[in-house]
Amino acid sequence: MNIFLVVYTAPKITSFNLLTSLDHNTAPEIDSWIEFPISRNVQNLSVFVRDFKYRKTYSFPVSFYLSSSLKQLTVTLDFFYMTPTCKVSWKSLRNLALRRCKLPDGSIDTILSGCPILESLTLDTCRLLERLDLSKAPSLRRLDINRQYCDTGPIAIVAPHIHYLRLTYSSTPSTLVDVSSLIEANLNIISSRLCPLTADRYQTMALEMLAKSHNVKRLTVGETLLQILSLAELRGVPFPTLKVQTLIVKTEFVRSVIPGISRLLQNSPGLKKLTLHTMQQSHDIMDMHRLKGLYPDQCWRSKCEMFPSSKEIYEMLGCNDATSKLVASFSELVLRNAKTLEMMVVWLGGSYFNDDAQWFEELLQMVATLSHDNNVSILLKRSNC
């Protein structure tokens with residue numbers, strides 16, 4: 001790296017990616033490698049500072065916080081504190097991603113105050129942040145928060161100007177205080193802890209997320225969130241009415257998500273399009289029999305008996321007839337519950353992908369009949385991703 005700094009003579013650098021480790025390099029060395037692209041008016045900068053022993057810390061040089069040329073910045077740390085030592089002046093920065101950083105409230109406030117035209121903010125597995133106030137960031141439109149591996153919080157989000165929100169968390173919820181301009185939301189909970197002792201807490205999280213997102217036009221929900229919504233439906237808990245026009249669900253054809261999907265459809269009176277992405281076979285997807293005793297058995301059977309449990313689904317995968325029946329049952333379920341639907345798209349991917357051309361043609365004919373009989377455009381697609 002040091003040789004590169006000597007021989008590189010161009011006056012400008014467009015993009016610069018630095019991956020380094022405190023186990024092998026000194027802080028002054030890392031400072032010089034960061035100052036080099038800054039001195040060349042770098043526009044896109046990515047810095048990843050590793051510490052395999054998790055015993056050290058690193059502070060960025062002052063010049064890093066004063067770069068007026070930066071337009072896109074990604075910082076990944078091994079849970080070091082990111083605490084600016086001066087006033088931040090990232091006047092050209094539009095996209096900022098902070099990953100694996102320790103960010104006290106004061107630090108993020110200082111950073112954001114120096115980003116007057118910031119449009120997109122990503123906080124991935126960042127710790128210590130208790131309140132994220134974006135009310136003074138009028139140009140910010142996209143917010144992506146991943147708290148899947150964060151056990152600190154909760155984090156309160158004040159983001160009245162954002163149009164897009166992707167929010168993923170596990171055990172610690174994020175409270176949406178103000179997302180009044182939100183148009184699109186991608187919501188999911190990642191957890192293997194769903195059991196009778198935690199069911200109430202997760203149910204509260206899920207319904208609060210929906211309530212705060214009730215004005216969005218485009219909504220994406222993941223499989224665990226759907227199962228938690230199923231639990232709420234089977235318990236008779238009221239759902240908010242949504243203004244969503246496009247709904248995207250990512251799940252398997254399993255029994256545990258059906259009540260939640262049904263209620264989402266019923267409470268979306270303006271829904272025009274539904275897209276289903278079938279997921280790769282996953283052992284993390286919870287089978288609702290683990291929540292035995294929290295819902296009436298008869299109610300459960302009457303709503304979902306035509307769909308397999310998550311255990312049974314693995315035995316059915318690879319059977320063309322079984323997949324055809326699942327597609328038909330799901331399509332009929334959607335058509336019963338979504339009265340204003342104009343289009344449904346089903347992507348058969350992951351464990352449901354099958355390159356049998358004759359079987360797929362027969363499946364297309366079945367879907368075409370359903371489409372014609374219900375005056376809804378139904379598209380069936382395959383993806384091996």
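Worth saying up front: this structure is predicted, and the values here are computed from it rather than measured. (Residues numbered from 1 in each chain as written. Predicted model: local features only at pLDDT ≥ 70, side-chain atom pairs only at ≥ 80, totals over all residues. Heavy atoms only, no water.)

Novice: How should I be thinking about the side chain of S69 in this particular structure?
Specialist: Relative to the helices and strands, S69 resides in the loop between α3 (62–65) and β3 (72–77). Classification of S69 by relative accessible area gives buried; the value is 14%. One polar contact links the side chain of S69 to the main-chain carbonyl oxygen of N41, over a distance of 3.5 Å. Among the polar contacts made by the side chain of S69, one reaches the main-chain carbonyl oxygen of V42 at a distance of 2.8 Å. (Helix = DSSP H or I, 4+ residues; strand = E, 2+ residues; numbered from the N terminus. Buried < 20%, exposed > 50% of the residue type's maximum accessible area, 1.4 Å probe, protein only. Polar contact = N/O pair within 3.5 Å; in protein donor to acceptor, adjacent residues only side chain to side chain.)

Novice: Explain the sheet that holds strand β10 (residues 174–178) here, please?
Specialist: The strands making up a sheet associate through hydrogen bonds between their backbones, and the pairing can be parallel or antiparallel. One open sheet accounts for three strands, arranged β6-β8-β10; its pairing is parallel. Strand pairing shows two members of the sheet lacking a second neighbour, β6 (131–133) and β10, which therefore form its edges. Here the strands of the sheet are splayed against their neighbours by 15° on average, with no regard to which way each runs. For strand β8 (residues 155–158) and β10, the ladder comprises four bridges, and the chain directions are parallel. The residue of β10 that forms the bridge with I155 is S174. (Pairing = 2+ DSSP bridges. Axes fitted to C-alpha atoms, helices over the stretch in contact; angles between N-to-C directions.)

Novice: I tried to follow helix α10 (residues 320–337) on my own but got confused; where do I start?
Specialist: The α-helix winds at 3.6 residues per turn, so residues separated by three or four positions along the chain end up facing the same way. End to end, α10 covers 26 Å across 18 residues, agreeing with the expected 26 Å (1.5 Å per residue, within 8%). By the criterion of burial, α10 is predominantly enclosed, with 14 of the 18 residues buried. (Expected span 1.5 Å × (residues − 1).)

Novice: Looking at this structure, how should I read empty space enclosed by the protein?
Specialist: Empty pockets left among the atoms are what a rolling probe the size of a water molecule brings to light. Enumeration over the complete set of coordinates arrives at one cavity of 30 Å³ or more. The computed volume of the largest cavity comes to approximately 40 Å³. Along its surface, the largest cavity is lined by L123, T125, C126, L129, I145, N146, R147 and I155. With three residues, strand β7 (residues 142–147) is the largest single contributor of residues to the lining of the largest cavity. Here the residues of the lining of the largest cavity are counted per class, giving five nonpolar, two polar and one charged. (1 Å grid on protein atoms, 1.4 Å probe; cavity = no way out; pocket = protein on both sides within 12 Å on 5 of 7 lines; lining within 4 Å. Points joined across faces, edges and corners; volume = space filled by probe spheres on them. Nonpolar A, V, L, I, M, F, W, Y, C, P; charged D, E, K, R; others polar.)

Novice: I would appreciate a short explanation of unusual backbone geometry in the present structure.
Specialist: For residues besides glycine, phi is generally negative; the peptide bonds are generally trans as well. Backbone geometry places N41, a non-glycine residue, at a positive phi of 55°. Among the structural elements, N41 can be located in the loop between α2 (27–39) and β2 (44–50). Taking relative accessible area as the criterion, N41 reaches 42% and is therefore assigned partly exposed. For T125, which is not glycine, the phi dihedral falls at a positive 55°. Counting through the fold element by element, T125 comes out in the loop between β5 (120–124) and β6.

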